[in-house]
Amino acid sequence: MLKLGVNIDHVATLRQARYATMLDSPNAEPDIVAAGLAAVRGGADSITMHVRGDRRHVQEEDVVLVRDACGLPINFEMASTSEMVGMALRLAPDFVCLVPENRKEVTTEGGLDVAGQKESLRATVGVLREGGSQVSMFIDPEEEQIQASAEVGADMIELHTGCFANSDKDKKSREIMRLQAGARLGNALGLGVNAGHGINYGNVRELFEVPHLKELNIGHSIVSRSIVAGMEEAVREMMGIMGAYPGG
Ligand code: PXP
């Protein structure tokens, strides 16, 4: 069965848009723990959260609260920095996914260059594995990066599906072929194979052509869908409360 990791970063994005400077306000919403629990009820297999260096959405405390409340494996996305390695050792998530991070980017833009920094990543992977986490590398579906991920001791790779998601119909079949080849190589090297980024309700079925996938990590599209799907009920509830206005 293909597993689903639900990335709830953008629940925190919405909260930060209003409460970044007053996170301890009793009014701070949406409640990321409530969102995590809703994902659990929906059948999520794991919860993914990315604490960025600039703390633009998820905070360390969010990960603690969600981890303790949800009881599902946590997939902690992070850049390979000493600050984040320290955080991962404190949080002891089930999985760590190493991602590239660039302060100006709106979202993760490409895969991690594992081949270009094998020595430092081998050390990071070793420390994280000693801390009890399984380690995944978020990489483009390129042979060099997949080989390097195996060489540095990663347990898994997460194939970056952003190019697939953003390509037009003509280029899509090429992207699927790249993902297929990447998944086959990763599997042959003994790596677990996951995929993520840009996957949505419209394109997810196309990934069924990619073999060996264990888990898809999906965030933006699920959070977006939940806002639209929940708007009607949210407005009805507010109207219900306002309906009790005594007049005058
Ligand atoms: N996987 C990784 C490594 C990511 O960085 C992200 C985005 O934070 C995702 C999956 C989820 O991508 P999306 O929000 O586009 O579903």
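We now turn to the structure provided with this report. Bear in mind that the values here come from a model prediction, so they are computed numbers and not experimental data.

Parameters at a glance
- Residues numbered from 1 in each chain as written.
- Predicted model: local features only at pLDDT ≥ 70, side-chain atom pairs only at ≥ 80, totals over all residues.
- Heavy atoms only, no water.
- Helix = DSSP H or I, 4+ residues; strand = E, 2+ residues; numbered from the N terminus.
- Contact = heavy atoms within 4.5 Å.
- Phe/Tyr/Trp six-rings, centres within 6.5 Å; stacked < 30°, edge-to-face > 60°.
- Lys NZ or Arg CZ within 6 Å of the ring centre and 35° of its normal.
- Axes fitted to C-alpha atoms, helices over the stretch in contact; angles between N-to-C directions.
- Parallel < 35°, antiparallel > 145°, perpendicular 65-115°, else oblique.
- Left-handed = near helix turned anticlockwise from the far one by under 90°.
- Buried < 20%, exposed > 50% of the residue type's maximum accessible area, 1.4 Å probe, protein only.
- Pairing = 2+ DSSP bridges.
- Near = heavy atom within 4 Å.
- Polar contact = N/O pair within 3.5 Å; in protein donor to acceptor, adjacent residues only side chain to side chain.
- Areas by Shrake-Rupley, 256 points an atom, 1.4 Å probe, with all protein chains shown as cover.
- 1 Å grid on protein atoms, 1.4 Å probe; cavity = no way out; pocket = protein on both sides within 12 Å on 5 of 7 lines; lining within 4 Å.
- Sits in = over half its atoms within 2 Å of the grid points.
- Nonpolar A, V, L, I, M, F, W, Y, C, P; charged D, E, K, R; others polar.

On to the environment of Ala 115, then. By the secondary structure assignment, Ala 115 is in the loop between strand 4 (95-98) and helix 5 (118-130). Remark: the alpha-carbon pair of Ala 115 and Ser 82, spanning 33 residues in sequence, is separated by 20 Å. Apart from residues no more than four positions distant in its own chain, Ala 115 is found in contact with Glu 144, Gln 145 and Ala 148.

What follows is about the packing of aromatic side chains. By convention here, two paired aromatic rings are described through the distance between centres and the angle between planes. This structure, assessed with the given rule, holds zero aromatic pairs. Over the ring of Phe 164 we find Lys 172, and its NZ or CZ is 5.2 Å from the ring centre. The ring of Tyr 201 has Arg 225 sitting right over it, with the charged end atom 4.0 Å from the ring centre.

As a packed pair, helix 4 (residues 82-91) and helix 5 sit with axes 9 Å apart at the nearest point and diverge in direction by 15°. One finds that helix 4 runs roughly parallel with respect to helix 5. Judged by the sense of rotation from one axis to the other, the crossing of helix 4 with helix 5 is right-handed. Residues Val 85, Ala 88 and Leu 89 of helix 4 pack against Thr 124, Val 127 and Leu 128 of helix 5.

Taken across its six residues, strand 8 (residues 213-218) has five buried, putting it largely inside the fold. Here strand 1 (residues 3-7) runs beside strand 8; their pairing, made up of four bridges, is parallel. Note that in strand 8 the partner of Lys 3 across the bridge is Glu 215. Bridging between strand 7 (residues 192-196) and strand 8 involves four bridges; their strand directions are parallel. Opposite Val 193, over in strand 8, you have Leu 213 as the bridge partner.

The local shell around the ligand holds 14 residues, among which Glu 77, Glu 158, Gly 198, Gly 219 and His 220 are the closest. One of the side-chain nitrogen or oxygen atoms of Glu 158 is found 2.5 Å away from a nitrogen atom of the ligand. At 2.8 Å, a backbone N or O of His 220 approaches an oxygen atom of the ligand. Taking 390 Å² as the accessible area of the ligand by itself, protein coverage stands at 94%. Most atoms of the ligand, that is more than half of them, are within 2 Å of grid points of the second largest pocket. A per-class count over the shell around the ligand returns three nonpolar, eight polar and three charged.

Next up on the list: unusual backbone geometry. Comment: phi is negative for the bulk of residues other than glycine, and the bulk of peptide bonds are trans. A cis amide bond, omega 0°, links Glu 29 with the succeeding residue Pro 30. For Pro 30, the location among the structural elements is in the loop between helix 1 (9-19) and helix 2 (32-42). The phi dihedral of Arg 55 falls on the positive side, at around 55°, and the residue is not glycine. Residue placement: Arg 55 occurs in the loop between strand 2 (46-50) and helix 3 (60-70). The phi torsion at Ala 92 lies on the positive side, around 45°, for a residue other than glycine. By the element assignment, Ala 92 lies in the loop between helix 4 and strand 4. A relative accessible area of 44% places Ala 92 in the partly exposed class.

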